[in-house]
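As a plain string of letters, each chain reads:
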Amino acid sequence: MATAASPAPPATPHSQGTLKGVQPLRAGQGHSFLWHKLHSLSGIIPIGAFLVEHIVSNFETLNGPLAYAQQVKFLNSLPLVRVLEWTFIFIPLAFHALYGLFIAFRGRVSVNVYPWASNWMYVSQRITGVIAFFYIVQHVWRQRFSGISLPENPGAAFHKVQVELSNPWMLAIYVIAMIATTWHFAYGIWLFAAKWGITPGEKARKKFGYVCTAFGLALCLMGLASIYAVVWKYPNAPANVMPAQPAGIDLPAPALPPPNSTNPTQPGEVR
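Below you will find a few notes about this structure. If you're wondering where the values come from, they're calculated on a predicted model, not measured in any experiment.

### Observations regarding a nonpolar patch on the surface
There is a patch of nonpolar side chains on the surface, built from L41, I45, W196 and I198 and spanning about 390 Å² of accessible area. The residue W196 is located in the loop between α8 (168-195) and α9 (202-233) in this model.

### A look at α9
Helix length check: α9 (32 residues) gives 44 Å between terminal C-alpha atoms against 46 Å at 1.5 Å per residue, within 8%. Along α9, the residues that are buried comprise R205, G209, C212, G216, L219, C220, G223, A225, S226, I227, A229 and V230. Tucked inside the fold, the buried residues of α9 contact α3 (47-58), α7 (157-165) and α8.

### Quick notes on the side chain of S40
Within the element layout of this structure, S40 appears in helix α2 (residues 33-44). Non-local contacts of S40, meaning those with residues more than four positions away in its chain, are made with F192 and W196.

### Some points on the packing of aromatic side chains
Applying the stated criterion across every chain, the model contains 15 aromatic pairs. For the ring pair W86 and F90, a centre distance of 4.8 Å and an interplane angle of 70 degrees mean the geometry is edge-to-face. One end of the pair, W86, and the other, F90, are both in helix α5 (residues 81-106), 4 residues apart, so they sit about a helical turn from each other. Seen in terms of ring centroids, F90 and F145 are 5.8 Å apart; in terms of plane orientation they differ by 45 degrees. Their pairing is tilted. With F90 in helix α5 and F145 in helix α6 (residues 117-145), the pair connects residues that are 55 residues apart, well separated along the chain. By way of ring pairs, the aromatic residues W35, F95, Y99 and F102 are connected into one cluster. The ring of W196 carries K37 above its face, with NZ or CZ at 4.5 Å from the centroid. Here R144 stacks its cationic end above the ring of F145, 5.0 Å away from the centre of that ring.

### Structural notes on the packing of α2 against α5
Across the interface, α2 lies against α5 with an axial gap of 10 Å and an inter-helix angle of 130 degrees. When the axis of α2 is compared with that of α5, the two are oblique. Classified by chirality, the crossing of α5 by α2 is left-handed. Note on element contacts: α5 touches α2 through F95, H96, Y99, G100 and I103, opposite W35, H36, L38, H39, S42 and G43. Class assignment for the residues of the contact of α2 with α5 results in 5 nonpolar, 6 polar and no charged.

The rules behind each value
Residues numbered from 1 in each chain as written. Predicted model: local features only at pLDDT ≥ 70, side-chain atom pairs only at ≥ 80, totals over all residues. Heavy atoms only, no water. Patch = residues over 30% accessible without salt bridge, like charges linked within 9 Å, V, L, I, M, F, W, Y side chains within 5 Å. Areas by Shrake-Rupley, 256 points an atom, 1.4 Å probe, with all protein chains shown as cover. Salt bridge = Lys/Arg side-chain N within 4 Å of Asp/Glu carboxyl O. Helix = DSSP H or I, 4+ residues; strand = E, 2+ residues; numbered from the N terminus. Expected span 1.5 Å × (residues − 1). Buried < 20%, exposed > 50% of the residue type's maximum accessible area, 1.4 Å probe, protein only. Contact = heavy atoms within 4.5 Å. Phe/Tyr/Trp six-rings, centres within 6.5 Å; stacked < 30°, edge-to-face > 60°. Lys NZ or Arg CZ within 6 Å of the ring centre and 35° of its normal. Axes fitted to C-alpha atoms, helices over the stretch in contact; angles between N-to-C directions. Parallel < 35°, antiparallel > 145°, perpendicular 65-115°, else oblique. Left-handed = near helix turned anticlockwise from the far one by under 90°. Nonpolar A, V, L, I, M, F, W, Y, C, P; charged D, E, K, R; others polar.

This is the structure:
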């Protein structure tokens with residue numbers, strides 16, 4: 001005797017395949033698994049480490065233009081600094097940024113269908129990543145490769161940033177970018193720990209989320225404090241607080257009287 005077929009389950013957005021929510025912890029499976037792993041890792045090491053160092057170094061602006069210039073001079077005096085700069089900053093940053101843009105524009109926003117918190121976080125990660133990308137491109141170009149060269153003129157670093165932030169539009173861009181970049185990094189740490197199995201389970205991820213939030217907030221406040229120091233705490237900084245001595249010119253030493261001389265020779269006097 002034939003039996004009646006079980007009724008098919010109701011169609012859902014998942015089964016229809018027309019609308020898909022993106023769960024961040026599952027993104028990147030399949031043929032792109034390796035690239036996603038490398039993208040995730042590069043966001044922590046070396047880019048994340050450089051971001052922390054950069055914000056900490058910029059925090060020296062609170063101690064004045066000279067302190068900041070000395071920090072810039074120290075960083076540019078490290079051995080093989082240009083090799084380190086390209087190997088651990090520019091090349092990884094280009095890979096992380098370009099592949100991140102590929103991920104951002106390839107995905108689909110579906111918070112209107114699946115408005116769970118992680119989906120909103122995923123969307124915010126994409127938006128802040130795009131903001132960070134365009135900000136970093138202009139920042140590196142304007143501060144590193146155009147205008148006065150700071151590696152050779154560290155004393156001009158404070159003034160160069162101050163001139164840029166004297167434009168209200170650039171000041172607004174810096175503030176927005178600082179918030180977006182530190183948010184992107186903080187949530188990136190949380191995603192990295194979840195994807196790499198460092199925080200297994202919802203409880204561990206929730207606790208680590210508080211840690212990442214506090215860390216990101218601290219970085220953001222340090223960055224905003226640096227902007228405050230450049231714009232308001234030390235206005236009208238000198239163009240160069242460490243002017244270089246012209247090459248090949250030795251300044252004469254001040255003349256000193258002979259030792260044990262109580263009656264030096266007067267001008268025009270012959271002894």
